[in-house]
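Residue strings, one per chain:
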Amino acid sequence: MPDYEAPQTIPKPTTEPGRIARFDPWWLLVFGVVGLLAILIAGKPDPFRRIAVFVTDGIWVTIRITIVSFVLILIAGLIGGLGRIAKNPLIHGAASLYVEIVRGVPLLVQLIFIYYAAPQLLTAIGEGIASAIPALAGPAGLLIGIQLDPFVAAVFGFTICYGAYMSEIYRAGIQSIPKGQMEAARSLGMSYTQSMRYVILPQAVRVILPPVGNEFVALLKDSSLVSAVAVADLTRRGREFMSTTLLSLETWTLVALIYLVMTLFSSRVVSYIERKMSVGK
Amino acid sequence: MENDIIIIEDAHKSFGRVKALTGVSLRVGRGEVVVIVGPSGSGKSTLLRSINHLETLDRGRIVVDGIPLTQAENINRVRAEVGMVFQQFNLFPHLTVVGNILLAQRIVRRRTAAEAEKIAHELLEKVGIPEKADSYPSQLSGGQQQRVAIARALAMQPKVMLFDEPTSALDPEMIKEVLDVMLDLARDGMTMVVVSHEMGFARAAARRIVFMDEGRIVEVGPPESVFTNPRHERTKLFLSRILR
């Protein structure tokens with residue numbers, strides 16, 4: 001990459017004269033749900049305050065897992081998306097195979113596979129290599145008996161699965177940019193990589209922002225699946241509380257409200273960023 | 001070094017079963033302005049685009065300024081020396097006018113910001129829209145956008161400029177402002193290959209007219225003889241349709 005600073009791609013917001021910044025009514029919904037939560041916790045501390053205290057660490061796990069995974073998903077999706085549009089048949093084939101396989105297997109099954117089954121698979125491979133080629137027994141031994149941390153396994157699973165969907169979003173976004181843009185960049189002597197980096201991707205990012213935002217919200221919700229692979233997220237903490245107290249209605253009302261606050265808030269943030277970025281277009 | 005800056009020998013190109021070029025040879029001298037005319041589908045755009053390798057030939061040879069367009073590593077070198085102006089302008093919509101003109105200067109020519117900006121402003125002066133430097137392409141008229149596109153190509157200080165129907169997407173009242181810039185360029189001695197049906201421009205600027213049909217060059221000659229006294233039936237027929 002050349003030592004060239006990326007140009008300022010986001011135009012300065014131009015506020016039209018006489019137009020006051022609009023207040024988005026959907027923020028009211030966010031505040032409404034937050035208010036309801038506060039009323040429940042303050043007005044009926046037993047059991048709602050107890051539940052809230054009990055699941056708080058789960059909320060942080062859910063947020064952490066979502067954000068860490070999402071950063072990796074954005075990277076995996078970019079690589080996959082560029083692979084899907086590559087002319088090289090090998091790269092294109094590999095990327096397409098990845099997308100097709102991952103899209104055809106349920107996320108929960110993938111997570112369980114990575115956490116419970118993959119270590120066994122690696123052990124079998126390691127033992128196979130070690131017995132077939134004794135010279136490689138050292139490095140092959142590294143594959144044997146791997147125990148994944150549940151959090152790492154979950155992040156890995158989300159990255160692989162959502163990365164495939166994200167690849168398709170990137171691909172569609174890149175392909176939505178008119179062919180003439182790449183031609184103009186190339187005709188100025190820029191390489192394929194430079195053209196992508198400075199001309200195509202900055203434009204594609206604006207196009208894919210809405211679907212990428214949707215993916216974030218979907219991921220936030222799907223993160224509840226990690227409760228199946230021993231990660232103590234919000235859902236799992238809720239289940240733990242319920243199994244000791246048997247307060248199903250109260251527990252799941254509160255858990256659902258907490259998820260709702262998080263998803264409503266994130267989708268508000270997403271649409272705010274969208275508006276910011278579409279200014280001056 | 002040879003006197004001809006562009007040498008095309010026996011160019012062949014097919015798109016599937018459609019033959020776009022069937023054995024085209026053409027030489028363009030330094031400082032020469034060549035205008036290519038012909039009906040749509042005659043291969044004139046394909047020929048132009050193959051000069052900077054936006055189309056890859058199936059067979060044949062193209063040499064630009066002594067550099068053969070065969071090895072991959074030569075392509076970016078040639079492209080930096082060959083400016084191209086498109087029918088649809090193809091400005092980068094996410095960058096300002098100046099940003100458009102700076103980008104390749106910084107990345108490909110590795111100029112400093114100050115140097116590149118100086119060149120950008122000089123060129124905007126030259127194409128007559130210095131006041132639009134900080135506008136975005138979407139805020140400009142078609143004619144202004146095309147002039148920015150010309151400035152963007154000129155900023156690379158190319159040895160050759162290719163124009164692919166530069167006025168076809170413009171409203172009639174904007175055609176002249178673009179042609180005027182092109183005429184200026186021609187007077188400055190720029191080597192230009194232009195695909196266009198603007199006969200006024202061709203008469204005023206072209207040293208040679210190339211008439212193409214069905215992937216071949218049918219007739220080549222100075223504008224006055226091709227336009228007023230075409231030798232081939234097909235040229236006559238085509239000209240009678242567009243000259244009205």
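Before going into details, it helps to say that this report is about the structure given with it.

The rules behind the values
Residues numbered from 1 in each chain as written. Chains lettered and ligands numbered in written order. Predicted model: local features only at pLDDT ≥ 70, side-chain atom pairs only at ≥ 80, totals over all residues. Heavy atoms only, no water. Contact = heavy atoms within 4.5 Å. Buried area = accessible area lost by both parts, 1.4 Å probe. Salt bridge = Lys/Arg side-chain N within 4 Å of Asp/Glu carboxyl O. Polar contact = N/O pair within 3.5 Å; in protein donor to acceptor, adjacent residues only side chain to side chain. Helix = DSSP H or I, 4+ residues; strand = E, 2+ residues; numbered from the N terminus. Nonpolar A, V, L, I, M, F, W, Y, C, P; charged D, E, K, R; others polar. Phe/Tyr/Trp six-rings, centres within 6.5 Å; stacked < 30°, edge-to-face > 60°. Buried < 20%, exposed > 50% of the residue type's maximum accessible area, 1.4 Å probe, protein only. Axes fitted to C-alpha atoms, helices over the stretch in contact; angles between N-to-C directions. Parallel < 35°, antiparallel > 145°, perpendicular 65-115°, else oblique. Left-handed = near helix turned anticlockwise from the far one by under 90°.

Section: the interface of chain A and chain B
Put simply, an interface is often sized by how much accessible area is lost when its parts join up.
Part 1 of the argument: The partner chain B presents 26 residues to the 25 residues of chain A that form the contact.
Part 2 of the argument: In total, about 2300 Å² of surface goes out of reach between chain A and chain B, with carbon and sulfur atoms giving 62% of it.
Part 3 of the argument: Our enumeration of links across chain A and chain B arrives at one salt bridge.
Part 4 of the argument: A salt bridge links Arg49(B) to Glu183(A), with the shortest nitrogen-to-oxygen separation between them at 2.6 Å.
Part 5 of the argument: Remark: the boundary between chain A and chain B carries four residue pairs in polar contact (both at pLDDT 80 or more).
Part 6 of the argument: Mapped onto the side of chain A that touches chain B, the elements with two or more residues apiece are helix H7 (179-187) and helix H8 (192-222) of chain A.
Part 7 of the argument: Per-element tally for the side of chain A that touches chain B: the top contributor is H7(A), with seven residues.
Part 8 of the argument: Here the residues of the side of chain A that touches chain B sort into 11 nonpolar, nine polar and five charged.

Focus on the packing of aromatic side chains
Residue and element names in this part refer to chain A.
Part 1 of the argument: In the structure shown here, the tally under the stated rule is eight aromatic pairs over all chains.
Part 2 of the argument: On the numbers, 6.0 Å between centres and 70° between planes, the contact of tryptophan 27 with phenylalanine 265 is edge-to-face. With tryptophan 27 in helix H1 (residues 26-43) and phenylalanine 265 in helix H10 (residues 248-278), this residue pair connects regions lying 238 residues apart in the sequence.
Part 3 of the argument: Given the relative accessible area of 45%, phenylalanine 265 is considered partly exposed.

Section: the packing of helix H5 (residues 142-154) of chain B against helix H6 (residues 172-187) of chain B
Residue and element names in this part refer to chain B.
Part 1 of the argument: As a packed pair, H5 and H6 sit with axes 8 Å apart at the nearest point and diverge in direction by 20°. With respect to their mutual orientation, H5 and H6 come out roughly parallel. For H5 against H6, the interelement crossing comes out right-handed. Contacts from Gly142, Gly143, Gln144, Gln146, Arg147, Ile150 and Leu154 of H5 reach H6 at Met174, Glu177, Val178, Val181, Met182 and Leu185.

From the geometry alone we can't say anything about function, so treat these as descriptive.
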